Each structure stands twice: as structure tokens, then as C-alpha cells.
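Per-entry structural report
Next come the chains, spelled out residue by residue.
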Amino acid sequence: MQELITCTNVVFHCAATVRFDDPLRHAVQLNVTATQQLLLMASQMPKLEAFIHISTAFSNCNLKHIDEVIYPCPVEPKKIIDSMEWLDDAIIDEITPKLIGDRPNTYTYTKALGEMVVQQESGNLNIAIIRPSIVGATWQEPFPGWVDNLNGPSGLIIAAGKGFLRAIKATPKAVADLIPVDTVVNLTLAVGWYTAVHRPKSTLVYHCTSGNLNPCNWGKMGFQVLASFEKIPFERAFRRPYADFTTNNFTTQYWNAVSHRAPAIIYDFYLRLTGRKPRMTKLMNRLLRTVSMLEYFINRSWEWSTYNTEMLMSELSPEDQRVFNFDVRQLNWLEYIENYVLGVKKYLLKEDMAGIPEAKQHLKRLRNIHYLFNTALFLIAWRLLIARSQMARNVWFFIVNFCYKFLSYFRASSTLKV
Ligand SMILES: CCCCCCCCCCCCCCCCCC(=O)SCCNC(=O)CCNC(=O)[C@H](O)C(C)(C)COP(=O)(O)OP(=O)(O)OC[C@H]1O[C@@H](n2cnc3c(N)ncnc32)[C@H](O)[C@@H]1OP(=O)(O)O
Ligand SMILES: NC(=O)C1=CN([C@@H]2O[C@H](COP(=O)(O)OP(=O)(O)OC[C@H]3O[C@@H](n4cnc5c(N)ncnc54)[C@H](OP(=O)(O)O)[C@@H]3O)[C@@H](O)[C@H]2O)C=CC1
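Residues numbered from 1 in each chain as written. Chains lettered and ligands numbered in written order. Predicted model: local features only at pLDDT ≥ 70, side-chain atom pairs only at ≥ 80, totals over all residues. Heavy atoms only, no water.

Here is the rule we go by: UniProt positions are given in the numbering used here, feature names are shortened, and annotations may be inferred rather than shown by experiment.
Taking an unreviewed UniProt entry as the reference, the protein chain is identified by name as Fatty acyl-CoA reductase belonging to Carlito syrichta. On record in UniProt, under Subcellular location (unreviewed entry), the comment for the protein chain is "Peroxisome membrane".

1. A few points about the overall build of the protein chain
To keep it simple, the criterion reads: Each helix is a run of H or I in the DSSP string that is no shorter than four residues. Each strand is a run of E no shorter than two, and both are numbered from the N terminus. Between the two quantities, the radius of gyration covers C-alpha atoms and the globule rule is 2.2 Å times the number of residues to the power 0.38. Per-residue accessibility, obtained with a 1.4 Å probe over protein chains only, is compared with the maximum for each type, and a residue is labelled buried under 20%, exposed over 50%, and partly exposed between these values. Note on contacts: a residue pair is in contact if any heavy atoms of the two residues lie within 4.5 Å. Computed by Shrake-Rupley with a 1.4 Å probe, the accessible areas treat only the displayed protein chains as cover when residues are assessed. As used throughout, the charge tally considers Lys and Arg to be positive and Asp and Glu to be negative, leaving His and the chain termini uncounted. To locate a charge, take atom NZ for lysine, CZ for arginine, CG for aspartate or CD for glutamate.
Within the protein chain, the regular secondary structure consists of 15 helices and 10 strands. The C-alpha atoms of the protein chain give a radius of gyration of 28 Å, which is well past the 22 Å a tight globule of 418 residues would have. Here the protein chain holds 418 residues, and 44% of them are scored as buried. Long-range contacts, defined as pairs at least 24 residues apart, comprise 84% of the intrachain contacts of the protein chain with a sequence gap of at least 6. With an accessible surface of roughly 23100 Å², the protein chain has 61% of that area assigned to carbon and sulfur atoms. Between the mean site of the 45 positive side-chain charges and the mean site of the 36 negative ones, the protein chain shows a separation of 16 Å.

2. Description of the site of ligand 1
The criterion, for reference: We call a residue near a molecule or strand as soon as one heavy atom of that residue lies within 4 Å of the molecule or strand. Under the scheme applied, nonpolar residues are Ala, Val, Leu, Ile, Met, Phe, Trp, Tyr, Cys and Pro; charged residues are Asp, Glu, Lys and Arg; polar residues are all the others, including Gly.
Not every one of the 26 residues close to ligand 1 is listed here, only the nearest: Arg19, Phe20, Tyr107, Leu150 and Arg289. Protein burial of ligand 1: of its 1300 Å² of free accessible surface, 79% is covered by the chains. Sorting the residues of the shell around ligand 1 by element identifies α6 (153-161), α8 (218-231) and α10 (280-298) as the ones contributing at least two each. Counting residues per element, the shell around ligand 1 draws most heavily on α10, at 6 residues. Its residues placed into classes, the shell around ligand 1 shows 15 nonpolar, 7 polar and 4 charged.

3. Notes on the UniProt feature "transmembrane region" (unreviewed entry) in the protein chain
The UniProt entry lists residues 369-386 under the feature "transmembrane region" (unreviewed entry), expressed in the numbering used here. Note that residues 369-386 is 100% helix and 0% strand, and that its end C-alpha atoms are spaced 25 Å apart.

4. Some thoughts on the UniProt feature "domain: Fatty acyl-CoA reductase C-terminal" (unreviewed entry) in the protein chain
Per the UniProt record, "domain: Fatty acyl-CoA reductase C-terminal" (unreviewed entry) is found at residues 260-351. Secondary structure across residues 260-351 comprises 70% helix and 2% strand; the distance between its end C-alpha atoms is 25 Å.

5. Some points on the site of ligand 2
Rule in force here: The definition of a polar contact used here is a pair of N or O atoms within 3.5 Å, where within protein one atom must be able to donate a hydrogen and the other to accept one, and adjacent residues in sequence count solely through side-chain atom pairs.
Residues in contact with ligand 2 amount to 16 residues; listed here are only the nearest, Cys14, Tyr107, Lys111, Ser133 and Val135. Within the backbone of Ala16, an N or O atom sits 3.2 Å from an oxygen atom of ligand 2. At 2.7 Å from an oxygen atom of ligand 2 is found a side-chain nitrogen or oxygen belonging to Tyr107. Computed on the free molecule, ligand 2 has an accessible area of 880 Å², of which 52% lies beneath the protein chains in the complex. Only α5 (106-120) and β5 (134-136) provide two or more residues apiece to the shell around ligand 2. Per-class residue counts for the shell around ligand 2 are 10 nonpolar, 5 polar and 1 charged.

6. Overview of the confidence of the model for the protein chain
Under the convention used in this document: The quantity known as pLDDT measures the predictor's confidence residue by residue, on a range of 0 to 100.
Averaged over every residue, the pLDDT of the protein chain is 95; the share at 70 or more is 99%. Interface predicted TM-score (ipTM) for the complex: 0.90; the corresponding pTM is 0.90.

7. A closer look at the sheet that holds strand β2 (residues 50-54)
The strands that make up a sheet are held in pairs by hydrogen bonds between backbone atoms, and each pair lies either parallel or antiparallel. The criterion, for reference: Whether two strands pair depends on DSSP finding at least two bridges between them. To get an axis, fit a line to the C-alpha atoms, keeping to the stretch in contact for a helix; angles then go from 0 to 180 degrees between the N-to-C directions.
Strand order across the open sheet formed by 4 strands is β1-β2-β4-β8, with parallel pairing between neighbours. Both edges of this open sheet fall to β1 (10-13) and β8 (204-208), since each of them pairs with a single strand only. The sheet shows a mean angle of 15° between the axes of neighbouring strands, taken without regard to direction. Pairing analysis gives 4 bridges linking β1 to β2, with the strands arranged parallel. By the bridge assignment for β2, Val10 is matched with Ala50. Across the face of the sheet, helix α2 (residues 24-42) comes into contact with β1, β2 and β4 (127-132) while running at roughly 170° to β2. The strands touched by helix α7 (residues 181-198) within the sheet are β1, β2, β4 and β8, with β2 carrying the most contacts at an inclination of about 150°.

8. Observations concerning the packing of aromatic side chains
Rules: Classification of ring pairs uses Phe, Tyr and Trp, with its six-membered ring standing for Trp, and accepts pairs whose centres are within 6.5 Å; under 30 degrees between planes counts as stacked, over 60 as edge-to-face, and the remaining range as tilted.
The final tally for this structure, using the stated rule, is 21 aromatic pairs. For the ring pair Phe164 and Phe238, a centre distance of 5.4 Å and an interplane angle of 25° mean the geometry is stacked. You can see Phe164 sitting in the loop between α6 and β6 (167-169) and its partner Phe238 sitting in the loop between α8 and β9 (244-246), a full 74 residues away along the chain. Ring centres of Phe297 and Trp302 lie 6.5 Å apart, and the angle between their planes is 35°; on these two criteria the pair is classed as tilted. Of the two residues, Phe297 and Trp302, both sit in the buried class. One aromatic cluster is present, built from ring pairs that chain together Phe20, Phe58, Tyr107, Tyr296, Phe297, Trp302 and Trp304.

9. Comments concerning the pairing of β2
Stated formally: Here the term right-handed applies to a crossover when the path leading from its first strand over the helix to its second strand runs clockwise, the strands being oriented away from the viewer.
Of all 5 residues in β2, 5 are buried; the element is thus mostly enclosed. Residues of β2 alternate between two faces, with Ala50, Ile52 and Ile54 on one and Phe51 and His53 on the opposite face, all of them buried. The β-α-β motif built from β1, the intervening α2 and the parallel element β2 has right-handed crossover chirality. Strand direction decides the pairing type here: β2 and β4, joined by 4 bridges, are parallel. Each residue of the ladder has a partner; that of Ile52, found in β4, is Ala128.

As C-alpha cells, then:
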């Protein structure tokens, strides 16, 4: 502690809980109280030039248009911190929905409170706030596609590539505001420099987003992710990668039953028959729970203004603009997503690229099983229908008769030609 206090020049405060479903008490401790304590510690650092706080672009996701300003929360952070001291867990759970109001989870709420703490307790510190949107794999550095956790889209890319996730409630036209992690790091370093050297009079907020400069929507992103699986398939997929985007609750429930729960039940039945422990239903329920928590973010669009971020870009020398590149206008989404899928395969799943031909073979086998299963299902349904309905029988006789006549005509005309 003493060493940190005497030697630190710049603080980058990134630590946080990023779980959407964290109990409020824990989220407040990590995202609000810890920020307050770190500010207190920073105020004792004689050599400190800048304090850079990492928030999220979704801290004010209850608004549609978000400016680079700190918005007030209805309840003062200090009051929330105090109440967490004496309220018991049951009461906190009960009041949580009322406190978070129109935000979707405790994460976004406590990140907003964290920003207010930064504003209120900054004292004489030289502070800036960075708000990244959905952080994804690297764009360029240290190499394209590097990723090390399942947050944001990465977990869903695995679920789709392995064939577990087959449909998702998502609005294809909604903006997919992804931002590569190296872009966030470059901006953060540049903000550290600007804040320390130029010492702006007030706390500046920087949006690290892609939507208003180089928009890509979920439809295009989903399509490109699926296209990338053709080239870079994952090993031992459960089913062939495929994903339907639906926007309505009824079809979501339908696809969850037909494409997610039913195959999981059938597979567990097969595992039981072969003397193994069933696990697919549990895994599927967990996946559907995760998807339901992410749905809020893939069915809405937000507009983030980026005046401060653009101003910062213009303040950098051409050489620094190149080294600390955070200009997302240069990002090619198709290339980025393909590298992202490759990175997920390599760095998260730890799969060998030499296994790609075998993975492709496996997908072909799954395709054949799929066709076989559908044909068998159709024939059984048709057989049952014919046994029960006169109309189905008539249609069947009509089709058979028609095919027979067509074949006879074809045979007769080819005999005439000879
Ligand atoms: C064609 C398809 C196209 C696909 C592309 C579409 C992509 C859409 C992506 C939308 C992303 C929207 C994100 C919005 C981010 C807002 C920005 C921020 O600041 S947010 C800051 C960023 N914060 C976040 O993104 C946090 C989101 N995550 C959470 O809050 C929690 O994981 C949870 C509450 C969702 C589930 O809790 P719980 O049930 O207790 O489960 P556990 O945590 O214990 O994990 C269980 C298992 O699931 C694994 N896994 C983990 N994450 C994901 C994932 N995203 N996904 C899948 N899987 C995931 C995990 O590894 C584990 O595996 P195993 O060890 O059992 O083998
Ligand atoms: N991922 C995203 O899409 C986005 C993330 N952000 C923000 O970026 C920052 C980093 O998030 P991300 O990298 O995704 O999340 P991670 O969970 O990967 O990183 C969080 C970091 O916080 C540290 N941490 C957590 N609890 C404590 C604690 N009690 N004491 C000390 N350190 C702790 C963790 O340390 P350890 O590894 O030791 O557990 C970890 O290094 C967060 O502030 C988040 O809000 C903002 C927008 C989007």
C-alpha cells in the first residue's frame, strides 16, 4: 500500500464485478464502495497525475441517447452504501427491482452509481471516465482475434458454433455496438496521457463505442458468425451451427421448446440408454438463462455521442494516432468477426487448427443424420395421417398416380426417340 501511494503516477481503475445477476450488496461493494476507497487512496498519492475510471456505455442504458456526461441517479450512492451496512439480504433482494428501476440488472445500476461516486469524491484529482460498449476480441494487437473470457458475445459464439444455440430473441436491425478490446486499451492509454498532460478543468467522459462511427447490426453480425463457422468449424459440435433470429416472445418460446429443450431431452434419453449420466438438459437450461439475461442488449439500439473521443483523436500526433489507434471507422466488420471466431476456437476452446478437416467431416455427418431424421419423421407422420384421414389417402393416391403417369410418359417418349 505504501509503495503504491508513493510511486503511482496514473491509476487505471478497471476492477469490477461484471456479472449481471450479482446480488446488489456484492455489486455495490465491488463497483461503488471499492471505487470510493480507491479514490480515497488516490487522494493520498503525491505523484498522481491522472485517475482513469472504466465504466460502461450501458451505465445509462435506461436512456436512448447518451451524452458524454455523468447522469444523476435517483438515490445518492452514499445512501445506498450506508443502507447495505444494515439491511439484511432478504430485504435487499426485495427492494432491488425498485432501486434499479428501468435498468435491466444490478451491474448497470452499480456502474452508474460508481460514476456518481467518481464525480462527487474526486476532490482535487485529475479524473476521466471511459465508457466502452460490448468489449470483444482484439482487432489488431497483439494479434487479431485474441480473447480470454466468455463475457459478451464470446460465450454465445461458442454456444452457436457447437450447435447448442439454434435460435435467439434478437432484433436483426438493432445496432451491435461491439468494440475490440485493443481499441479500448488504446483509448484508455491516450486518455491517461491527455488527462495528465492537459489537465481538463472538469471530469471528461469518453465513449468507446462503434455504433455512430461504423455501425454493424445484429443481423449482419449473426450472419457473418454463421458464415465463419463454414470455414472455421468447432470440434465435436452437438448439431450443425444454425441460428434463427426471432423478435417475438411466442416464437422464442416455440424455438426454445423445439430447437433447444426437445433435442436436449432426446440426447439425455440416449445417454441414459447407453448407461451414461444425462447432462444436456441442465446445460441447455443454463444456456437459455444466460441468453435471457443478454436479450435486453440485443433487442435495442442506443446512440452514444463521441465528441470527447473525437476531440482526443485530433489531439494525438499522426504517429500516436497510429500506435494508439482507436479509430473504429477503419474496422472491417467481416474480417473482424472471422478473426473473432478463429480466436474463440484457438484461445477459448483451445482447439487445434489441424483438426478443421475432421470437424468439417463431423458437420457433414450431422447434416446427413439431420436429413435422415427429418425424412423418417415425415414418413411416420404421413403414414399415420393416411391411416386416419380419407382426404390424406386421396392426396396420396393422386400423387402416386401422377408420378406413375409422368414416368410412363417419360419412358414412352424416350423409346420413341430411340
Ligand atoms: C449466430 C449467433 C450469433 C451470436 C452472436 C450474438 C451475440 C450477442 C451477444 C450479446 C452480448 C450483450 C452483452 C452486453 C454487455 C454490456 C456491456 C457490459 O459492460 S457487460 C460486461 C460483460 N459482462 C458480461 O458479459 C457478463 C455476462 N454473464 C453473466 O452475468 C453470467 O455469466 C450469467 C448471469 C449470464 C450466468 O450466470 P450463471 O448461470 O451463474 O453462470 P456462470 O457465470 O457461472 O457460467 C455458467 C457457464 O456459462 C459460461 N458463460 C459465462 N458467460 C457466458 C456468456 N456470456 N455466454 C455463454 N456462456 C457463458 C461460463 O463459462 C460457465 O461455463 P462452465 O464453467 O459451467 O463450463
Ligand atoms: N466486458 C465488457 O463487455 C465490458 C466491460 N466493461 C468494464 O471493463 C472492466 C473490466 O471488465 P472485464 O475485463 O470484462 O471483466 P473481468 O471480470 O474479466 O475483469 C474484472 C477485473 O476486476 C478484478 N476484480 C474483481 N473483483 C475484485 C476485487 N474484489 N478486488 C480486486 N480486483 C477485483 C478481477 O480480478 P481477478 O481477475 O483477480 O478476479 C478482474 O481483473 C470493468 O470495469 C467492466 O465494467 C465495460 C464495458 C463492457
